[in-house]
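Topology and contacts: notes
Each chain, written out:
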Amino acid sequence: MKMIFYSLFLLSAYLLSSVQCLYFHIGETERKCFIEEIPDETTVVSHYKVELFDVRTGGFTPPTPGIGMNVEVKDPDMKIILSRVYSFEGKISFTSHIPGEHIICLYSNTTAWIGGTQLRVHLDIQVGDQAIDYAQVAQKEKLSDLQLRIRQLVEQVEQIIKEQSYQRFREERFRQTSESTHQRVFWWSLSQLFILLVMGFWQMRHLKSFFEAKKLV
């Protein structure tokens, strides 16, 4: 019973963490970046929409043609895996090849001809099986409702396995970092102790020489 409860809890936590919906404001020369922890061989799909601030109405409206977003994605090794200019509304898609923190950066492709207006960007980040359009899959592969549901469950289980592998990867990396830090602290403490001993020995010799010189005077 406890194992079933733990599995359900893990599945719920995974589903909640697989989708992130947000919006933010950005200036014409401003750059916004997000860090997303992604397992390896995982598909990430981000739906976005850009709105332009209207001074007359005080609200945000769809922008004129030509306004879009530059999107740049870097993997944990800081290698660019995606760099492209998109329109004001669309979908960004990429697949991770190594686990870790991926940096997703967005900035406007416009210049000062906007007049310094502000943009509002709606962003919906979907990771893993949440990024799959199952309606399209069912139509393409002609799956029944039961087959589609089984397909979804299989994809979810595979994604949970990837998440668990990534957590083990993070634990191993943290352990290595802790051991490395411990070794550095140990050698630094040993170096300080050695320096203190040398300084103490030097001071003792200096004091001894000083008192011997005083006696000779």
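Parameters at a glance
Residues numbered from 1 in each chain as written. Predicted model: local features only at pLDDT ≥ 70, side-chain atom pairs only at ≥ 80, totals over all residues. Heavy atoms only, no water. UniProt positions renumbered as here; feature names shortened; annotations may be inferred. Helix = DSSP H or I, 4+ residues; strand = E, 2+ residues; numbered from the N terminus. Patch = residues over 30% accessible without salt bridge, like charges linked within 9 Å, V, L, I, M, F, W, Y side chains within 5 Å. Areas by Shrake-Rupley, 256 points an atom, 1.4 Å probe, with all protein chains shown as cover. Salt bridge = Lys/Arg side-chain N within 4 Å of Asp/Glu carboxyl O. Core = buried A, V, L, I, M, F, W, Y, C linked by side-chain atoms within 4.5 Å. Buried < 20%, exposed > 50% of the residue type's maximum accessible area, 1.4 Å probe, protein only. Phe/Tyr/Trp six-rings, centres within 6.5 Å; stacked < 30°, edge-to-face > 60°. Lys NZ or Arg CZ within 6 Å of the ring centre and 35° of its normal.

Under the annotation held in an unreviewed UniProt entry, the protein carries the name Transmembrane emp24 domain-containing protein eca and is attributed to Aphis craccivora. UniProt's Subcellular location (unreviewed entry) comment on the protein is quoted here verbatim: "Membrane". The record in UniProt for the protein states the following under Sequence similarities (unreviewed entry): "Belongs to the EMP24/GP25L family."

Take the UniProt feature "transmembrane region" (unreviewed entry) in the protein next. Following the UniProt record, the feature "transmembrane region" (unreviewed entry) maps to residues 185-202 here. Annotated as 100% helix and 0% strand, the span residues 185-202 places its first and last C-alpha atoms 25 Å apart.

Its identity as a non-glycine residue notwithstanding, Glu41 has a phi of 55 degrees, on the positive side. Of note, Glu41 is situated in the loop between β2 (31-38) and β3 (43-54). Of note in the backbone geometry, Met78 takes a positive phi value of approximately 65 degrees without being a glycine. Position of Met78 relative to the elements: it lies in the loop between β5 (69-74) and β6 (80-86).

Right, let's talk about a nonpolar patch on the surface for a bit. A cluster of nonpolar side chains, Phe186, Trp187, Leu190, Leu193 and Leu197, forms an exposed patch at the surface whose accessible area comes to about 540 Å². With respect to the helices and strands, the residue Leu193 is situated in helix α3 (residues 145-216).

Counting residues in hydrophobic clusters, the biggest one holds 22 residues, and the most contacted among them are Tyr48, Met69, Val71, Leu82, Ile92, Phe94 and Leu106. Of all the elements in the fold, those that place two or more residues in this core are β1 (19-26), β3, β5, β6, β7 (89-95), β8 (100-108) and β9 (119-127). With 5 residues, β9 is the single largest residue contributor to this core.

Attention now moves to the packing of aromatic side chains. Counted by the stated rule, this structure contains 4 aromatic pairs. Between Tyr166 and Phe169, the aromatic rings sit 6.1 Å apart at their centres with planes inclined by 25 degrees, giving stacked as the arrangement. Here the residue Tyr166 and the residue Phe169 both occupy positions in helix α3, the gap between them amounting to 3 residues, near one helical turn. When its relative accessible area of 3% is taken as the criterion, Tyr166 is described as buried. Between Phe186 and Trp187, the ring centres sit 5.4 Å apart and the planes meet at 70 degrees, which makes this aromatic pair edge-to-face. Among the residues examined, Trp187 registers a relative accessible area of 54% and is labelled exposed. Arg120 extends its terminal NZ or CZ atom over the ring of Tyr23, reaching a point 5.3 Å from the ring centre.

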